[in-house]
Amino acid sequence: MDYITLIQAKRQLKLSASESSDDQIIQDWITFSSKLIELWKGRVYYPYVKTVLYNSPINELSSFGTFDSFQSSALQQVYAPDKQILHLKNDLLEVIELLNGDGVEIDTFYLEPVSSYPKNRITLFKDAAGNTLRWLEDDNGNSLQAISLKALWGYVSNYPDCFVGSGDTTEDAPLLAADTEIDVNDADGVADDLQSPRFQAGQLLRLETGGNYEFLLCKSVNTTTNKLEVVRAQKGTTALVSVPQNTQIKIFRPNADIVQMCIRLTQWRYRQKDSDDFARTYNLGTGIISNPSALPADVKLILGERGKFKIS
């Protein structure tokens, strides 16, 4: 998904809403900037649901306790014999279903680090009865891809506060799974975090009812009829069968630094849109050839070193 909307980009470029001749160009560079950030850092900065398979950790007993042989040699540690850790290759936000190698669901575990998101490991300790829990192989004694973890993933450091109230609700009675338009009260009102207009094309929305939730992509906003055109069942979620009237609509807010990077990258590239090529600008009147500025310094600072590619 894109990390900023067309409205946000045009506001930063000081373009009025009525100036639409370059809207597609700006939108293209919003998408380019979003993908560049993901490819550079090797991760995505939005929530998505997916089932990921992990190898069952191989633990070798020693005189010091249980040795987790899945760690790299530089990070090898010794743990207590009643504590087992599954190191995650993805950025974890929330566990939906965790199945051990024997196919039995595990409901007693610890997510770490404790006080921040995303999580990068799951620790087994003891169940409610005091029994020590172990990561198991499958019924054939195979440890490869034996652990099944359905979860909400993504690098979202402000989770679970990343979804803010829109200040509006569904007015459909009810909203059905096949519906692609949502009636709201005031499409261009102010969201709970004071951002305006509350609904913008390109936003990731969330609806929740009966303990289940769905992500939707806001495709367009009609402020006259107060209707949202949406794409249902986004980011691995399933369309809710029946959403009651007056259900709150929440809006995803990406990490502030990611938003700023996407804005700056979009500005940087858009301002070179009239160049004959990306590297140089030719002024036919004066014959002067000028080179555009390099990647903005603040963007390079936040991007930092290229991450290990691990998007899945």
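Structural data are supplied above this passage.
Calculation criteria
Residues numbered from 1 in each chain as written. Predicted model: local features only at pLDDT ≥ 70, side-chain atom pairs only at ≥ 80, totals over all residues. Heavy atoms only, no water. Helix = DSSP H or I, 4+ residues; strand = E, 2+ residues; numbered from the N terminus. Polar contact = N/O pair within 3.5 Å; in protein donor to acceptor, adjacent residues only side chain to side chain. Contact = heavy atoms within 4.5 Å. Expected span 1.5 Å × (residues − 1). Buried < 20%, exposed > 50% of the residue type's maximum accessible area, 1.4 Å probe, protein only. Pairing = 2+ DSSP bridges. Axes fitted to C-alpha atoms, helices over the stretch in contact; angles between N-to-C directions.

Chemist: For this particular structure, what's the right way to read unusual backbone geometry?
Modeler: Of all residues except glycine, most have a negative phi; of all peptide bonds, most are trans. Cis rather than trans, the peptide bond between Y159 and P160 has omega equal to 5°. Within the element layout of this structure, P160 appears in the loop between strand 8 (147-153) and strand 9 (163-169). A cis amide bond, omega -10°, links S196 with the succeeding residue P197. Located in the positive-phi region is N226, a residue other than glycine, with phi close to 55°. Position of N226 relative to the elements: it lies in the loop between strand 13 (212-222) and strand 14 (227-234).

Chemist: How do you make sense of the side chain of R232 when you look at a structure like this?
Modeler: Along the chain, the position of R232 falls in strand 14. At 3.5 Å, the side chain of R232 and the backbone oxygen of L240 are in polar contact. Residues contacting R232, with those up to four places away along its chain left out, are L175, L176, A177, A178, D179, E214, F215, L216, A239 and L240.

Chemist: Where do I start with helix 3 (residues 256-270) in this structure?
Modeler: Helical geometry note: an α-helix holds 3.6 residues per turn, so side chains three or four residues apart project in the same direction. A rise of 1.5 Å per residue sets the reference length of helix 3, with its 15 residues, at 21 Å; its end C-alpha atoms lie 21 Å apart and thus fit the reference within 8%. For helix 3, the buried fraction is high: eleven of the 15 residues fall into the buried class. Inspection of helix 3 places I258, V259, M261, C262, I263, L265, T266, Q267, W268, R269 and Y270 among the buried residues, and these make up the whole buried set. Looking at the buried side of helix 3, the elements it contacts are helix 1 (6-12), helix 2 (23-41) and helix 4 (297-303).

Chemist: What is the right way to read the sheet that holds strand 7 (residues 119-124) from this model?
Modeler: Backbone-to-backbone hydrogen bonds pair the strands of a sheet. The strands run either parallel or antiparallel. Taken in spatial order, the five strands make up an open sheet running 1-8-5-7-6, and their pairing is antiparallel. Strand pairing shows two members of the sheet lacking a second neighbour, strand 1 (48-54) and strand 6 (110-112), which therefore form its edges. Averaged over all neighbouring strand pairs, the angle between strand axes comes to 55°, with direction disregarded. Inspection of the sheet shows strand 5 (residues 84-99) paired to strand 7 by five bridges, in the antiparallel sense. The partner of H87 across the bridge, within strand 7, is R121.

Just geometry here; none of it tells us what the structure is for.
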